[in-house]
Amino acid sequence: MAVTAMLSVQLGVAVAVGLIDQIGAQGAAWLRLAWAGLLFLLFLRPKRAGFTRRSLIACAALGVVTAAVTLLFMAALGRIPMGTASALEFLGPLGVAVVQGRGLARVVWPGLAALGVVLMTQPWAGTVDPVGVLYALIAGVCWAVYIVLTQRVGDQVAGVNGLAVSMPVAGLVGTLVAGPMVFDRLTPQLLLIGLGLAIMLPMFPFALELLALRRLSAAAFGTLMSLEPAFALIIGFVALHQVPGPASVIGIVFVVAAGIGAARGGARSTPVPAEVG
């Protein structure tokens, strides 16, 4: 589920990059958030009885963090290559893996993934836009919080109903932040593209991630996310013609190995059933 979610995310991001020239990075992010929030609200129709006060607050907080991750990452994509942005953002999940991991795996797999990320980003080259790097790093911090909150919401709310609250909140936050900057540039065609993107990212992958975090520890999930920068490099090469160098290819091998290692030993001792709550 986690791997499928990552593939969907990176394909959606590759398509969204094409919108940046038309409505800007924030506009591309807002379109996805707004549509996803509306669709989740319409199809799931959350009922107040399905939430405790604590779980409702967690869902709302998850929505704010989801909006922050999306807006910041798209802002980074407007300045730096897709593979580099994904690799830098991955430092957030890597931090979760280090903090919550246990035993030798707490160091080995995150360490191997971190080495792979360094090879992919090659900070010694000094050719990356510093503002874009900053956006990606802050998005990484938000992503770490997103992982923790997503697991909490998945443990407290039945099915994927938590997303019926978090995604409308994310859409509202995105509208407040970016909506006024792009309303006058919207066209029917852009609205339809945004609808398709919302299904590819974030509706489909976020639902899969929530379900995956019921069965994986946050540490294992965080390390498994090391596959995402690798997918980003591959899709960036195929779809956006962003050619990776030899060091980046070696980095891909390292992060794939780390992701496989984390997934093999990262099952939760008592997986939370989908009907929890």
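Structure report, in brief.

Rules used in this analysis
Residues numbered from 1 in each chain as written. Predicted model: local features only at pLDDT ≥ 70, side-chain atom pairs only at ≥ 80, totals over all residues. Heavy atoms only, no water. Helix = DSSP H or I, 4+ residues; strand = E, 2+ residues; numbered from the N terminus. Buried < 20%, exposed > 50% of the residue type's maximum accessible area, 1.4 Å probe, protein only. Contact = heavy atoms within 4.5 Å. Core = buried A, V, L, I, M, F, W, Y, C linked by side-chain atoms within 4.5 Å. Patch = residues over 30% accessible without salt bridge, like charges linked within 9 Å, V, L, I, M, F, W, Y side chains within 5 Å. Areas by Shrake-Rupley, 256 points an atom, 1.4 Å probe, with all protein chains shown as cover. Salt bridge = Lys/Arg side-chain N within 4 Å of Asp/Glu carboxyl O. Phe/Tyr/Trp six-rings, centres within 6.5 Å; stacked < 30°, edge-to-face > 60°. Axes fitted to C-alpha atoms, helices over the stretch in contact; angles between N-to-C directions. Parallel < 35°, antiparallel > 145°, perpendicular 65-115°, else oblique. Left-handed = near helix turned anticlockwise from the far one by under 90°. Nonpolar A, V, L, I, M, F, W, Y, C, P; charged D, E, K, R; others polar.

From N to C terminus, the protein chain includes eleven helices and zero strands. Of all 277 residues assigned to the protein chain, the portion counted as buried reaches 51%. In the protein chain, of all internal contacts separated by at least 6 residues, the share reaching a separation of at least 24 is 90%.

One can find L19 in helix α1 (residues 2-44). Distance from L19 to G194, taken between C-alpha atoms, is 9.2 Å for residues 175 residues apart in sequence.

Formed by 81 residues in total, the largest nonpolar core has its most connected members in M74, L77, I147 and M167. At 17 residues, α1 tops the list of elements feeding residues into this core.

Below, the discussion takes up a nonpolar patch on the surface. Nonpolar side chains collect at one region of the surface, where I234, F237, V238 and V243 lie side by side and expose about 400 Å² of accessible area between them. Turning to its location among the elements, F237 is positioned in helix α10 (residues 227-240).

Take M203: it is sitting in helix α8 (residues 188-212). For M203, a relative accessible area of 15% corresponds to the buried category. Along the sequence, M203 and A5 sit 198 residues apart, while their C-alpha atoms lie 9.8 Å from each other. If sequence neighbours within four positions are ignored, M203 has contacts with A36, L39, F40 and A198.

So, about the packing of aromatic side chains. Going through the model one piece at a time under the given rule, you end up with two aromatic pairs. A ring pair is formed by W30 and F183, whose centres lie 5.4 Å apart and whose planes are at 75°; its orientation type is edge-to-face. Here W30 is found in helix α1, whereas its partner F183 is found in the loop between α7 (163-182) and α8, with 153 residues between them in sequence. With relative accessibility at 8%, the residue W30 sits in the buried group. Under the relative-accessibility criterion, F183 is labelled partly exposed at 45%.

It is worth spelling out unusual backbone geometry at this point. Glycine aside, negative phi is the norm for most residues, and most peptide bonds take the trans geometry. Backbone geometry places R45, a non-glycine residue, at a positive phi of 45°. With respect to the element layout, R45 can be found in the loop between α1 and α2 (53-77).

Attention shifts here to the side chain of S166. Relative to the helices and strands, S166 is located in helix α7. Judged by its relative accessible area of 1%, S166 falls in the buried class. If we ignore the near neighbours within four places in the chain, the residues touching S166 are C59, L62 and G63.

Put simply, helix α6 (residues 130-156) and α8 touch, their axes get as near as 8 Å, and they point 70° apart. Taken together, α6 and α8 sit at an angle that is classed as roughly perpendicular. Once α6 is placed against α8, the crossing between them reads as right-handed. Contacts between α6 and α8 involve Y146, T150, V153 and G154 on the former and, on the latter, F206, E209 and L210. Residue composition of the contact of α6 with α8, by class: four nonpolar, two polar and one charged.

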